[in-house]
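# Structure at a glance
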Amino acid sequence: MDPPETAEQYDQMVKYATAIRTGAASTEAILRRFMKANSTQPTYQTMIELGRAQKTVFPASYLRSRLLQREINCGLNVVEAWNGIFYGKNSEIASNRRDEQEMSVVCLRICQAALVYVNVLMI
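Structural notes, computed from the coordinates.

Attention now moves to the overall build of the chain. Scanning the chain from N- to C-terminus turns up five helices and zero strands. Starting at the N terminus and walking to the C terminus, you meet the elements of the chain as α-α-α-α-α. Evaluated residue by residue, the chain yields a buried proportion of 16% over its 123 residues. Intrachain contacts of the chain at a sequence separation of at least 6 include 51% that bridge at least 24 residues. By element, 58% of the accessible surface of the chain is carried by carbon and sulfur atoms, the whole surface being about 9,800 Å².

A few words now on the pattern of salt bridges. Per the counting criterion, the structure on display carries two salt bridges. We note a salt bridge from Arg52 to Glu49, for which the minimum N-O separation is 2.4 Å. Of this pair, Arg52 and Glu49 are both found in helix H3 (residues 42–64), three residues apart, which corresponds to roughly one turn of the helix. Of the charged contacts, one joins Arg98 and Glu102 as a salt bridge, the two residues approaching to 3.2 Å between their closest N and O atoms. Residue Arg98 and its partner Glu102 are located together in helix H5 (residues 98–122), separated by four residues, close to a single helical turn. Accessibility expressed as a relative area gives 61% for Arg98, which makes it exposed. The class of Glu102 is partly exposed, set by a relative accessible area of 44%.

A contiguous nonpolar patch, built from Phe58, Tyr62 and Leu63 and spanning about 300 Å² of accessible area, is present on the exposed surface. Assignment of secondary structure puts Phe58 in helix H3.

Rules of the game
- Residues numbered from 1 in each chain as written.
- Predicted model: local features only at pLDDT ≥ 70, side-chain atom pairs only at ≥ 80, totals over all residues.
- Heavy atoms only, no water.
- Helix = DSSP H or I, 4+ residues; strand = E, 2+ residues; numbered from the N terminus.
- Buried < 20%, exposed > 50% of the residue type's maximum accessible area, 1.4 Å probe, protein only.
- Contact = heavy atoms within 4.5 Å.
- Areas by Shrake-Rupley, 256 points an atom, 1.4 Å probe, with all protein chains shown as cover.
- Salt bridge = Lys/Arg side-chain N within 4 Å of Asp/Glu carboxyl O.
- Patch = residues over 30% accessible without salt bridge, like charges linked within 9 Å, V, L, I, M, F, W, Y side chains within 5 Å.

Quick look at the structure:
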């Protein structure tokens, strides 16, 4: 089945986006509604196609923009620097206690995930 034209579904997509943004409906409730229709709902199919297009736009923007490449590289360097500070000499965690090591690694991963999230929001 071919996806419907985006222009045909534009008003419905705006309606759902507005409902989510204003809090009138949750994303989960809307997705449940789409899943009840076995993913054949035209607006859902259009949103899927739009998402695929968006996923293509970002890499194209990245390849085209040296500024964006530098910005992302700087963010990655920050994470690498954190790893260097965190693990110290010889890439070893400072503590010998297993529970402290596990907690330290979990905290580092949370910090890294937060940094990635902030970078995505900035982009």
